[in-house]
Amino acid sequence: MQNNTFSGLFVGQNLVILTEVDSTNNFLKQSLANSTPLTEGTVIMAESQFAGRGQQQNRWHSEPGKNLTFSILLKPSFLAIAQQFNLNVAISVGIIKALQKLLGHAVKTKWPNDIYFDDNKLGGVLIENMVQGSQIKNSIIGIGLNVNQDVFSPDAPNATSVKQILHRDYDLKALLAEICGEIEAAYLMLRAGNFEPLKSFYLGNLYWLNQLRPFKANDEVFNGTIENVSPTGQITVRVDGELRLYNFKEIEFLNKHNTQ
Ligand code: BTN
């Protein structure tokens, strides 16, 4: 489907809206496996996903018709696999910039790329890369964002939505267009080799950066300070003067929803 709502050059220019699908990431993956010709920037959006996927084999639950659940196809063949975290950074920057226009500076990235508003989760990103040789051939950027849902399951005590923050409904397509525009801008910077401003925006808007906070890793609860994120995407935490690096899922943030 062609559309004119999107002001960018390619992200969202080909927008496919599905009433129901298992997962928009799966749909894109399947389309690529079937050699369906898809232009870079194609967006698959679903009104309802019956098997939405989150990170680490988690499910992504979203009330049908109320939220944004979509996947963007990118072809970052200029990136080596070792640089894949740079793509995560660019995507987070795009999403955070779009949401901060609407919700202000309480919107942050919780490492590696959860979308937070204060201490609550507004959305998440699931990036799946397909590799050819040592380069990334295709990248499926799955984004779930709570927009107009106002009641969440007790299993998600820290979930929030744009509606819970603004106390009004927000137009899904307008928000999608805003996010696609900012992702395109960040992606073009990445493609042009202009990564430093992206990294510094990512760090400047990182949840708990430079704050002494409680964490848990290897069954140990400790206070530490996030100082950086390494080029390969590990989080750098200073604990009693010592610098520790953790991979995703090796460290838990003990915020008010997740105390020990
Ligand atoms: C997370 O926080 O665990 C990531 C959630 C990603 C959810 C989105 S919704 C659109 C796309 N399709 C999926 O099945 N997952 C992603």
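Now for a description of the structure that goes with this document. Keep in mind the model is a prediction, meaning the values are calculated, not measured. Along each chain, numbering runs from 1 in the same order as the chain's sequence is written. A pLDDT threshold of at least 70 governs which residues receive local features in this predicted model, and a stricter bar of 80 or more applies before side-chain atom pairs are shown or counted, although totals over entire chains, interfaces and linings include all residues. Side-chain numbers come from the whole structure's heavy atoms, not from hydrogens or water.

1. With respect to the sheet that holds strand 10 (residues 235–239)
Then, in step 1: The strand order 11-10-9-8-12 describes an open sheet built from five strands, whose pairing is antiparallel. Across the chains shown, the open sheet's two edge strands, defined by having one partner strand only, are strand 11 (242–246) and strand 12 (252–253).
Then, in step 2: Two strands are said to pair when DSSP picks up at least two bridges between them. Going along the chain from the N terminus, every DSSP run of H or I of four or more residues is numbered as a helix, and every run of E of two or more is numbered as a strand. Sheet analysis places strand 10 next to strand 11, joined by five bridges and oriented antiparallel. Directly across from V239, in strand 11, lies its bridge partner E242.

2. Thoughts on the packing of aromatic side chains
Then, in step 1: Think of it this way: a Phe, Tyr or Trp ring, Trp meaning its six-membered ring, pairs with another when their centres are within 6.5 Å, and the plane angle makes it stacked under 30 degrees, edge-to-face over 60, tilted otherwise. The full count for this structure, using the stated rule, is 12 aromatic pairs.
Then, in step 2: Arranged with centres 6.1 Å apart and planes meeting at 25°, the rings of F215 and F222 form a pair that is stacked. Of the two residues examined, F215 and F222, each falls in the buried class.
Then, in step 3: Here a set of aromatic residues connected by ring pairs shows up, and it is made of Y116, Y207, W208, F215, F222, Y246 and F253.
Then, in step 4: Counted as over-ring charges are cases with an Arg CZ or a Lys NZ within 6 Å of the ring centre that also lie within 35 degrees of the ring normal. Taking NZ or CZ as reference, K110 lies 4.5 Å from the ring centre of F253, over its face.
Then, in step 5: Taking the ring centre of F222 as reference, the NZ or CZ of R244 above it sits at 4.8 Å. Between buried and exposed lies partly exposed: a residue is buried under 20% and exposed over 50% of the maximum accessible area for its type, with that area taken using a 1.4 Å probe on protein chains only.

3. Some words on unusual backbone geometry
Then, in step 1: Of note, the amide linkage connecting W111 to P112 takes the cis form, showing an omega dihedral of 0°.
Then, in step 2: Of note, P112 is situated in the loop between strand 4 (107–110) and strand 5 (114–117).
Then, in step 3: Phi angles above zero are rare outside glycine, and Q56 is one such case at about 55°.
Then, in step 4: Summarising the element assignment, Q56 is placed in the loop between strand 2 (43–49) and strand 3 (68–74).

Purely geometric stuff here, so don't read any function into it on its own.
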